[in-house]
Amino acid sequence: MSDGGDGRDDDGRDEVVRFWQRLGLPGIIDVHTHFMPEPVLRKVWAYFDAAGPLTGLEWPITYRHDEEERLALLRSFGVLRFTSMLYPHKAGMAAWLNGWAAGFADRVPDCLHTATFFPEEGVADYVREAVESGARVFKSHLQVGAYDPNDPLLEPVWGLLAEAGVPVVTHCGSGPVPGAYTGPGPIGRLLSRHPRLRLVVAHMGMPEYAEFLALAAAYPEVRLDTTMAFTDFAEDLTPFPAAERGRLADLGERILLGTDFPNIPYPYAHQLHALERLGLGDAWLRAVCHGNASALFR
Ligand SMILES: [Zn+2]
C-alpha cells in the first residue's frame, strides 16, 4: 500500500494530503466509506468484478486490501472521520450487520458508528437499540434492498431517526442501475411525511441530480453526498447537468464529501480533484470536505 522506501506512492496518498493542506484543513471527513464483515465485502467485490461482463461497465476495485491496510491507508490520507456503510439485501441480515458495525466502531474510534435496516418484523426495535447504543449514521440502500421507503414497517423507523436527528445516507438515485423504488418519487413522498428527516442523498442522487437537488432546496435537513459524482467515471455514464451548477453553490452547506472507498475504480484523490475542478472555490471545498460533516456529527 505504501511507498516501500523506493519513493513510489501507488495509492496516491501524497496527492490527497496536498489537497487538504492547500485548503488549510486539519484533514477531511468522508461520510461514505464501506467497511463490512469480510465475507460480505468479498461478495460486494465479486459483484463489481462481474459487473464488466454483465453490464459492459468495467469496475476494477482500486483498494482491494485487507481491513488493517485499508484503515491505515485512510488514516494516511488524512481522513479524520469516516463511516462503515453496510446494507442488507434481504430480511434477517440487518440486526447482524448492526452488531458487527457496533463492534467495528468500538475498535476503530475514528469510524462513526453506523447502522442499517430492512422492512421486516422487529425493525423498529433494533433501530431504536442501535440509536440508543450510539449509532451516529444509518445507511439505506433502496436499489440493493429493493424496498419501498414508504413501506408501513419503516414508518416508525423514519419517525425515530427524524426525531433523534440521526442522518440516513440513502442510495435513492437510479444510478448505476435503477430499482423499483429508486428515483425522486418514493423519497419525495417519504419526505412529505417526515420533513425534518436528515436524509443524505448518496451519489448526489445520480442520475436524477436535478430532482434530488430540488428536494434538498425544499427540505432544509436534506443533504447530498458527493460519492463518485463529478468523477470521469460518473461523468462518462451520467454527466452532472451544467445548468445545476449554480445550485451546488447555493446548497454548499448541505453537500458532504463521500467517496465509496475502497470500492472505487480510480484513485481516491480523483474524487477530490473532481470536486476541485467544479470551480466553486476553496471555501466551498472546505465546507464540503470538512466543515459540513464536522457540524453535522459534532
Ligand atoms: Zn457506497
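Note: the structure precedes this text.
My aim in this report is to walk through the structure given alongside it, one point at a time. As the structure is a computational prediction, the values presented were derived from the model and not from experiment. (Residues numbered from 1 in each chain as written. Predicted model: local features only at pLDDT ≥ 70, side-chain atom pairs only at ≥ 80, totals over all residues.)

We now examine the sheet that holds strand β3 (residues 111-112). Read across the sheet, 3 strands follow the order β1-β2-β3 without closing on themselves; strand pairing throughout is parallel. Unpaired on one side and paired on the other, β1 (28-29) and β3 mark the two borders of the sheet. For strand β2 (residues 79-83) and β3, the ladder comprises 2 bridges, and the chain directions are parallel. Counted as the bridge partner of T83 is L112 from β3. (Pairing = 2+ DSSP bridges. Helix = DSSP H or I, 4+ residues; strand = E, 2+ residues; numbered from the N terminus.)

Mapped onto the elements, F77 comes out in helix α3 (residues 67-77). A C-alpha to C-alpha distance of 5.3 Å links F77 and R13, two positions 64 residues apart in sequence. For F77, the residues in contact, after removing those within four places along its chain, are R13, V16, V17 and Y268. (Contact = placed C-beta atoms within 7 Å.)

In this section: the pairing of strand β5 (residues 137-141). For β5, a buried count of 5 out of 5 residues is recorded, marking the element as mostly surrounded by other parts of the structure. Of the two faces of β5, the one holding V137, K139 and H141 and the one holding F138 and S140 are both buried throughout. For strand β4 (residues 114-116) and β5, the ladder comprises 3 bridges, and the chain directions are parallel. Each residue of the ladder has a partner; that of T114, found in β5, is V137. Once the chain exits β4 it traverses helix α5 (residues 123-132) before rejoining the sheet at β5, and the crossover so formed is right-handed. (Buried ≥ 20, exposed ≤ 12 C-beta atoms within 10 Å, placed from the backbone. Right-handed = clockwise from strand over helix to strand, strands pointing away.)

The quantities given are spatial measurements derived from coordinates; they are silent on function.
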